[in-house]
Amino acid sequence: MALLPRRPQLFATLTALPLLAVFCTAPVAAQNDLFIDQLNVNVVNVEVFVTDSDGNRVAGLTEDDFELFEDGQPVEISNFFTVSYQDSFASRVTDTRRPAPVPRRPVTPDQQLHLVVFIDHAHIYPQSRRQLLEVLEGYLEDRLFEGDKIMLASFTRTLEVVQPFTQDHKLLLDGLAKMSQEAAYGPTIDAQRRQAYRSMTLFAEANDPAAAAANIRRAHGFARTYVQNVQSSTRRSTRAMEQVLRSLAGLPGRKAMLYVSNGMPKRPGEEIYQYLQDITGAAALRGANVTGFTIDPSLEALREDETPLFDAVAREANTHQVTLYTLNAEGAGGSSSSALSASLGQVETGFSDSGRTGLDNIRSMNLAEPMIDLAEATGGSSILNTQNFDDALARLSADFDTYYSLGYRAPSGGDGEYHKIEVRVNRPGLQVRHRTGYTDKPQGERIADRTYSSLLLDLESNPLGIEIETGEPEKQARNRYLLPVLVRIPVREITLLPNGEQSEGRLQIYLIVKDEEGGVSDLHREPYPVKIPADMVDEARATDIGYLARLELRSGKPKIAVGVWDELSGLESFVQRRVIVENPNKKDRKGK
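A. Representation of the packing of helix α6 (residues 212-247) against helix α15 (residues 443-457). Between α6 and α15, whose axes approach to 7 Å, the crossing angle comes to 105°. The angle between α6 and α15 places the two elements in the roughly perpendicular class. From α6, Gln243, Arg246 and Ser247 reach across to α15, where they touch Ala448, Asp449, Tyr452, Ser453, Leu456 and Leu457. Class assignment of the residues belonging to the contact of α6 with α15 gives a composition of four nonpolar, three polar and two charged.

B. Molecular detail of helix α10 (residues 307-319). The terminal C-alpha atoms of α10 lie 18 Å apart, and with 13 residues this matches the ideal 18 Å at 1.5 Å per residue to within 8%. Restricting attention to buried positions, one finds in α10 the residues Phe310, Val313, Ala314, Glu316, Ala317, Asn318 and Thr319. One or two positions beyond α10, positive phi appears at Gln321, with a value near 55°.

C. Here's a closer look at the sheet that holds strand β4 (residues 73-74). Read from one edge to the other, the open sheet built from four strands follows the order β4-β3-β13-β15, with strand pairing classed as antiparallel. Two strands bound the open sheet, and with one partner strand each, they are β4 and β15 (437-439). Pairing between strand β3 (residues 66-70) and strand β13 (residues 418-425): five bridges, direction antiparallel. Among the inter-strand pairings, Phe69 is bridged to a residue of β13, identified as Glu422.

D. Quick look at helix α7 (residues 270-280). For α7, the complete set of buried residues consists of Glu271, Ile272, Tyr273, Tyr275, Leu276, Ile279 and Thr280. Following α7 by one or two positions, Gly281 adopts a phi angle in the positive range, close to 95°.

E. Focus on the nonpolar core. In this structure, Leu136, Leu140 and Leu152 are the most contacted members of the largest nonpolar core, which totals 34 residues. Those elements that provide at least two residues to this core are β5 (79-84), β6 (113-120), α3 (126-145), β7 (149-155), α4 (169-180), β9 (254-261), β10 (322-328) and α14 (389-401). At six residues, α3 tops the list of elements feeding residues into this core. Each residue touching Leu136, except ones within four places of it in the same chain, is listed here: Val117, Ile119, Leu258 and Leu393.

F. View of the sheet that holds strand β8 (residues 159-166). Here six strands make up an open sheet; going across it, the order is β8-β7-β6-β9-β10-β11 and the pairing mixed. Among the strands making up the open sheet, the edge pair consists of β8 and β11 (382-383). Taken together, the seven bridges between β9 and β10 define a ladder with parallel strand orientation. Residue Met257 lies in a different strand from β10, and its bridge partner there is Leu324.

G. Here's a closer look at the packing of helix α5 (residues 186-204) against α7. Their axes nearest at 10 Å, the elements α5 and α7 cross at an angle of 25°. The angle between α5 and α7 falls in the class roughly parallel. Here α5 runs over α7; the crossing is right-handed. Facing α5, whose interface residues are Arg193, Ala196, Tyr197, Met200, Thr201 and Ala204, α7 presents Glu271, Ile272, Tyr275, Leu276, Ile279 and Thr280. Taken together, the residues that form the contact of α5 with α7 break down as eight nonpolar, two polar and two charged.

H. Main features of the side chain of Thr386. Mapping Thr386 onto the fold places it in the loop between β11 and α14. Within the local environment of Thr386, its side chain forms a polar contact with the backbone nitrogen of Asn388, the two atoms lying 3.0 Å apart.

I. Focus on the pairing of β6. When you tally the buried positions in β6, you get eight out of eight residues, the bulk of the element. Side chains Leu113, Leu115, Val117 and Ile119 project from β6 onto one buried face, and the interleaved His114, Val116, Phe118 and Asp120 project onto a second face that is buried too. Note: β6 against β9, seven bridges, orientation parallel. Along β9, the bridge assignment pairs Ile119 with Val260. Both β6 and β7 contribute to a ladder of seven bridges, which runs parallel. Looking at β7, one finds that His114 is bridged to Lys149. Between the parallel elements β6 and β7, the chain passes through α3 in a crossover that is right-handed.

Reading guide: rules and limits
- Residues numbered from 1 in each chain as written.
- Predicted model: local features only at pLDDT ≥ 70, side-chain atom pairs only at ≥ 80, totals over all residues.
- Heavy atoms only, no water.
- Axes fitted to C-alpha atoms, helices over the stretch in contact; angles between N-to-C directions.
- Helix = DSSP H or I, 4+ residues; strand = E, 2+ residues; numbered from the N terminus.
- Parallel < 35°, antiparallel > 145°, perpendicular 65-115°, else oblique.
- Contact = heavy atoms within 4.5 Å.
- Nonpolar A, V, L, I, M, F, W, Y, C, P; charged D, E, K, R; others polar.
- Expected span 1.5 Å × (residues − 1).
- Buried < 20%, exposed > 50% of the residue type's maximum accessible area, 1.4 Å probe, protein only.
- Pairing = 2+ DSSP bridges.
- Core = buried A, V, L, I, M, F, W, Y, C linked by side-chain atoms within 4.5 Å.
- Left-handed = near helix turned anticlockwise from the far one by under 90°.
- Polar contact = N/O pair within 3.5 Å; in protein donor to acceptor, adjacent residues only side chain to side chain.
- Right-handed = clockwise from strand over helix to strand, strands pointing away.

Written out as structure tokens, the structure is:
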């Protein structure tokens, strides 16, 4: 298995419990391959938001008003419903008396909204975050009264689910308070930028004509180091976003994520390379080539374009039918709007105010583009350049509370490919917004995603009645143990089909582990064929079969998630359990 470094490792093998060894290993008469014609049906639901030419929400449309296309081909709408009402937060924003919220309204499972608030501490300023969290406190309280389930997630150096989905107001307040205490790394990024500008300026403007080209190359090196740091930070944050989006795969109903930060740059080097050209001159920069390559700011910025990272996030969201909403927290405190000018202001240079403004504009656009793109690709909206977050969040609620849902059966049958979606409304002057596509994952991959959901969100669904048992950990090296894990599966819950002189079943086993530090193993998936002689099936129904895995883990309290898929019946079970991994002789040593 390909494994992440310092993450839990899985060494899994099929085994049978002693009572069932005869069922799985006894010789049987000549066998025929078991043929199964599986129908892989994926129902794709598309949320559609309709506005008129003035941006007002349009209600009252019917199924006949819409046309739905996949990859340019029309598809039949198999299910349709619409919701339209005003939430209490919108009325509280416009009513100075701030009336009390109305009691929580009942919602059906297919209309239940699961809202994730994701705070990216790696790209936010403390002041921006503090003021925004104060606004979110009241907003999320109202969304609870509207019947939503809310989850809080954050990213600093690692991903943390601060509060799993809840409708408990106190738990949300505690989670927001915890997030307000996290380190915010926006100032750190500014400090790195200031250092890069300072070092670039010292070398690029050095009064030594003989060493001018060498000094420019050194200045370029400082710019490259800064850009690489920003790239690394962006990749970690987008990877965390993808993890959260994947964890939502197992949830029913509607799903949305509000991403909050001061922005991640689409082209990390654009503004700093432009600065290098401005202080050295284009001709001098082209002449100071690096290992035979001309230094060209435009080419450098294009080469380091991080669009694929953000495209991957959007595709993950669309695959799991999650609408992304992005909020730039800069409006709350204005911390980053003048960050570049402040950086330049601390550098001894004759750089003009207009030049600083131009670089500020480049940086602002660079930070805004990914937020706009992520929202547009998934049918959401972006909140940028505002000081009035109450109004902005009220507009956000309008999406949650006034929408159309169009569903259709995916014609591709789980081909694993990305398919484009287009929705048209047959009335003049109306605009539609919706996600632009999805990946039609095979059923096995969708179950793998739901096993991941079980791990991160503590979700359980167990119609097959599976159980997890653990044995004594075996010490392998310093702080490393092998933990035997047995998955018990009742035979009575497994669908068996006759095949010659035996009955056969087909299971798929999924296993994944998360340690206390947030490290997650690769997901292990293995086919588990079940073959029982026909004359022993009744006896076997009263017993269990087992799957044994040995997990290499560090000491602590890791969490194990197991998924089992019965391919014949289509039933899926997901369970998770936290275990204790420590030296079995540890207590004895303490007692001596």
